[in-house]
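Each chain is listed here by its residues.
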Amino acid sequence: MVIAGWIMFAFAVVRLGVAFFNMVSRPYLPWWEGGRPLSKVSVLIPARNEEENIGILLGGFARWRDEVHQLIVYDDSSSDRTYEVSCGYASNDSKIRVLRGCELPSGWLGKNHACDRLSAAASGDILLFVDADVRLEKGAVSRAVSYMENHSLELLSVFPRQILDNTGSRLCVPLMNWILLSLLPLLAVRLSPRPSLAAANGQFMMFQRERYNRLRPHSRFRGSAVEDIAIIKYYKKQRLPVAVLLGRDDIACRMYSGIRDAVEGFSKNVFDFFGGSPAVSTTFAAVTTAAPVWIFVFNGITAGSIYIVVIISIRIFVSVASKQNALWNIVLALPQQLVLLWINLIALVNKKKKRLIWKGRNIS
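The present account deals with the structure reproduced in this document. Keep in mind the model is a prediction, meaning the values are calculated, not measured. (Residues numbered from 1 in each chain as written. Predicted model: local features only at pLDDT ≥ 70, side-chain atom pairs only at ≥ 80, totals over all residues. Heavy atoms only, no water.)

**Some remarks on a nonpolar patch on the surface**
Piece 1. Residues Met1, Val2, Trp6, Val293, Phe296, Val297, Phe298 and Ile301 make up a contiguous nonpolar surface patch of about 810 Å² in total accessible area.
Piece 2. Contributing elements (two or more residues each) for the nonpolar patch: helix 1 (2-25) and helix 13 (278-299).
Piece 3. Among the elements that line the nonpolar patch, the one with the most residues is helix 13, at four residues.
Piece 4. Within the secondary structure layout, Ile301 lies in helix 14 (residues 301-322). (Patch = residues over 30% accessible without salt bridge, like charges linked within 9 Å, V, L, I, M, F, W, Y side chains within 5 Å. Areas by Shrake-Rupley, 256 points an atom, 1.4 Å probe, with all protein chains shown as cover. Salt bridge = Lys/Arg side-chain N within 4 Å of Asp/Glu carboxyl O. Helix = DSSP H or I, 4+ residues; strand = E, 2+ residues; numbered from the N terminus.)

The following block contains the structure:
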């Protein structure tokens, strides 16, 4: 019992070091001050039942319109007014185009098929896939292109700053960066050739079009619910230069409107944060939840007190790096841990039943 406690303690210290490194290394998309990039950018938006979000995204397009060659929305058989809202904006802007989705072919997941179809319709030198719930401001696209060109990248993914404007989102969404930024030094994604040191966020994925068209990564991983991670690992296996960064305020995202949607969303890919292993994911959730009590009981008050300082420091470092409210993440630390256990439980049940409904489709 004592040895297990010290193992938990050592694991937390390692995570503390990773979180501190990610904070001080500032792995953000740098502020760009040079001339305009030469490459033409096609912004590609797969959308299914995104009536509200697509209106906000397209409504702000005028602020960064001059930075892109075209913007294409693919309406993936939405049951709401996503198509009509998108067409309304397209009728007033020659750079916006809307595609009506066809019946989903067998073996494909909806987003992957939408991205593949979008790439076929695009004419830019660079393809930027953006989710409908992302918010972009002036300069963001140009700076991303500049970074890609300066580092000769084939793939650049950015984790947007998450908009946390309700209790449900504060309980769940911070878990993503809390896991990522305490386990993976983001600079290692670009600097290390190891495919295991990889992460990506499908909310913002930028590709060099020529290589993308040769590899067709969304087609290659057509049945993957976590195609973003699968694609960046594949690129690294092919020895192609990639990078993943954190967004500033000009690349933001409001992922979920409440706790139920958030739990449902994260349960579809939580295992893939841990190499696709349900055992590792569930163990991580259980250990990080139980460790404070375990160490106090079996390793003593001093070790337990230091451990509390360590785990609070992890949350502070990750919050600062993620541009989130550190106080909220400390106050909600225990509820967030319980939500993580809940997510893993739901994911285990869905895996056993081979049934996971997302936006009206079974994506299991």
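Additional details are given in the paragraphs that follow.
**Re the sheet that holds strand 10 (residues 251-253)**
Piece 1. Strand order in this open sheet of three strands is 5-10-7, and the pairing throughout is mixed. Each having just a single partner strand, strand 5 (134-136) and strand 7 (161-162) make up the two edges of the open sheet.
Piece 2. Bridge count for strand 7 against strand 10 is two bridges, and the pairing is parallel. Directly across from Gln162, in strand 10, lies its bridge partner Cys253. (Pairing = 2+ DSSP bridges.)

**Some points on the packing of helix 1 against helix 13**
Piece 1. For the pair helix 1 and helix 13, the least separation of the axes is 9 Å and the interaxial angle reads 125°. Here helix 1 is positioned oblique relative to helix 13, judged by the angle of their axes. The way helix 1 lies across helix 13 gives a crossing that is left-handed. Where helix 1 abuts helix 13, its residues Val2, Ala4, Gly5, Trp6, Met8, Phe9, Phe11 and Arg15 lie against Phe284, Val287, Thr288, Ala291, Trp294, Ile295, Phe298 and Asn299.
Piece 2. Its residues placed into classes, the contact of helix 1 with helix 13 shows 12 nonpolar, three polar and one charged. (Axes fitted to C-alpha atoms, helices over the stretch in contact; angles between N-to-C directions. Parallel < 35°, antiparallel > 145°, perpendicular 65-115°, else oblique. Left-handed = near helix turned anticlockwise from the far one by under 90°. Contact = heavy atoms within 4.5 Å. Nonpolar A, V, L, I, M, F, W, Y, C, P; charged D, E, K, R; others polar.)

**Let's talk about empty space enclosed by the protein**
Piece 1. Enumeration according to the criterion identifies three cavities of 30 Å³ or more in this entry.
Piece 2. Approximately 60 Å³ is the volume attributed to the largest cavity.
Piece 3. Around the largest cavity, the lining residues are Cys172, Leu175, Met176, Ile179, Phe266, Val270, Phe273, Leu340 and Ile343.
Piece 4. Counting only elements with at least two residues in the lining of the largest cavity, the list comes to helix 7 (174-183) and helix 16 (333-353).
Piece 5. In terms of residues, the lining of the largest cavity owes the most to one element, helix 7, which gives three residues.
Piece 6. Within the lining of the largest cavity, the residues separate by chemical class into nine nonpolar, no polar and no charged. (1 Å grid on protein atoms, 1.4 Å probe; cavity = no way out; pocket = protein on both sides within 12 Å on 5 of 7 lines; lining within 4 Å. Points joined across faces, edges and corners; volume = space filled by probe spheres on them.)

**Quick look at the nonpolar core**
Piece 1. In this structure, Val43, Ile45, Trp64, Leu71, Phe129, Leu156 and Tyr235 are the most contacted members of the largest nonpolar core, which totals 106 residues.
Piece 2. The biggest single contributor to this core is helix 14, with seven residues.
Piece 3. In contact with Tyr235, other than residues within four places in its own chain, are Glu154, Leu155, Phe207, Arg211, Tyr212, Leu215, Pro217, Leu240 and Val242. (Core = buried A, V, L, I, M, F, W, Y, C linked by side-chain atoms within 4.5 Å. Buried < 20%, exposed > 50% of the residue type's maximum accessible area, 1.4 Å probe, protein only.)

**Details of the sheet that holds strand 2 (residues 70-75)**
Piece 1. The seven strands are arranged 3-2-1-4-8-6-9 in an open sheet whose pairing can be described as mixed. Each end of this open sheet is capped by a strand with a single partner; those strands are strand 3 (96-100) and strand 9 (242-246). Taken pair by pair, the neighbouring strands of this sheet meet at an average axis angle of 20°, ignoring direction.
Piece 2. In this structure, strand 6 (residues 155-159) lies alongside strand 8 (residues 204-208), joined through three bridges in antiparallel fashion.

**Focus: the side chain of Glu154**
Piece 1. Tracing the backbone shows Glu154 in the loop between helix 5 (140-150) and strand 6.
Piece 2. Judged by relative accessible area, which is 15%, Glu154 ranks as buried.
Piece 3. What Glu154 contacts, discounting residues up to four positions off in sequence, is Met148, Met206, Phe207, Gln208, Arg211, Tyr235, Leu240 and Pro241.

**Quick look at the packing of aromatic side chains**
Piece 1. Under the defined criterion, the tally for this structure stands at 14 aromatic pairs.
Piece 2. Measuring from centroid to centroid gives 5.1 Å for Phe207 and Tyr212, while their planes differ by 65°, and the two rings are edge-to-face.
Piece 3. Phe207 gets classed as buried once you look at its relative accessible area, which sits at 0%.
Piece 4. Three or more aromatic residues joined by ring pairs form one cluster here, namely Phe11, Trp178, Phe274 and Phe284.
Piece 5. Sitting above the plane of the Trp178 ring, Arg315 keeps its charged end 4.7 Å from the centroid.
Piece 6. Above the plane of the ring of Tyr28 lies Lys323, whose end atom (NZ or CZ) is 4.7 Å from the centre. (Phe/Tyr/Trp six-rings, centres within 6.5 Å; stacked < 30°, edge-to-face > 60°. Lys NZ or Arg CZ within 6 Å of the ring centre and 35° of its normal.)

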